[in-house]
Amino acid sequence: MALLVITDDCTDCDACIEPCPNDAISIIEGLYIINKDLCTECVGHHEDPQCVEVCPSDCILPDPDNEETPEELQAKYESLQSAA
Ligand code: SF4
């Protein structure tokens with residue numbers, strides 16, 4: 001699996017912000033950005049990435065430059081939980 005990236009097809013609709021269980025999506029200088037340190041691809045919370053599920057523009061795609069294994073995503077989830 002690969003972490004996710006929001007493409008230029010984003011229409012700034014805001015639909016992805018609230019469903020993210022890790023508060024990983026923010027708006028920086030008008031662009032929607034997924035914080036790779038916080039995104040677990042929803043591992044630990046949901047079966048599928050919630051931002052992808054709700055995006056009406058289908059603009060949240062895998063990022064082949066940021067591959068993480070299910071084990072790495074699970075470890076990140078547990079680290080985030082212990083830090084909360
Ligand atoms: Fe947030 Fe899940 Fe999308 Fe990652 S995949 S940005 S954790 S909603």
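Residues numbered from 1 in each chain as written. Predicted model: local features only at pLDDT ≥ 70, side-chain atom pairs only at ≥ 80, totals over all residues. Heavy atoms only, no water.

Colleague: Where do I start with the side chain of asparagine 22 in this structure?
Modeller: Relative to the assigned elements, asparagine 22 resides in the loop between strand E1 (2-6) and strand E2 (25-28). A polar contact of 3.3 Å, which involves the side chain of asparagine 22, links it to the backbone oxygen of leucine 38. Residues in contact with asparagine 22, not counting those within four places in the same chain, are Leu38, Thr40, His45 and Leu80. (Helix = DSSP H or I, 4+ residues; strand = E, 2+ residues; numbered from the N terminus. Polar contact = N/O pair within 3.5 Å; in protein donor to acceptor, adjacent residues only side chain to side chain. Contact = heavy atoms within 4.5 Å.)

Colleague: Help me understand the site of the ligand in this model?
Modeller: Around the ligand lies a shell formed by Leu4, Cys20, Pro21, Asn22, Ile25, Ile34, Cys39, Thr40, Glu41, Cys42, Pro49 and Cys51. Residues that form the shell around the ligand fall into these classes: 9 nonpolar, 2 polar and 1 charged. (Near = heavy atom within 4 Å. Nonpolar A, V, L, I, M, F, W, Y, C, P; charged D, E, K, R; others polar.)

Colleague: It is not clear to me how the pattern of salt bridges should be interpreted in this structure. Could you clarify?
Modeller: It is possible for side chains bearing opposite charge to pair when their charged atoms get close. Scanning the model with the defined rule gives 2 salt bridges in all. Of the charged contacts, one joins lysine 36 and aspartate 63 as a salt bridge, the two residues approaching to 3.7 Å between their closest N and O atoms. Residue lysine 36 is located in the loop between strand E3 (31-34) and helix H1 (50-54), and its partner aspartate 63 is located in strand E4 (residues 60-67); the two are separated by 27 residues in the primary sequence. The class for aspartate 63 is buried, based on a relative accessible area of 11%. (Salt bridge = Lys/Arg side-chain N within 4 Å of Asp/Glu carboxyl O. Buried < 20%, exposed > 50% of the residue type's maximum accessible area, 1.4 Å probe, protein only.)

Colleague: Please clarify how the environment of aspartate 63 should be interpreted in this entry.
Modeller: Remark: the alpha-carbon pair of aspartate 63 and asparagine 35, spanning 28 residues in sequence, is separated by 12 Å. Aside from chain neighbours lying at most four places away, what touches aspartate 63 is Ala2, Leu3, Leu4, Val5 and Lys36. A polar atom in the side chain of aspartate 63 sits 3.0 Å from the backbone nitrogen of aspartate 65. At 2.6 Å, the side chain of aspartate 63 and the side chain of asparagine 66 are in polar contact.

Colleague: Quick question: what am I supposed to make of the nonpolar core here?
Modeller: What tends to happen in soluble globular proteins is that the nonpolar side chains get buried as a cluster. Core analysis: the biggest nonpolar cluster contains 16 residues, and Ile6, Cys16, Ile25, Ile34, Cys51 and Ile60 have the highest contact counts within it. Those elements giving two or more residues to this core turn out to be E1 and E3. Among the elements that make up this core, the one with the highest residue count is E1 (3 residues). In contact with cysteine 51, other than residues within four places in its own chain, are Leu4, Cys16, Ile25 and Ile60. (Core = buried A, V, L, I, M, F, W, Y, C linked by side-chain atoms within 4.5 Å.)

No statement about biological role is implied by the geometric values presented.
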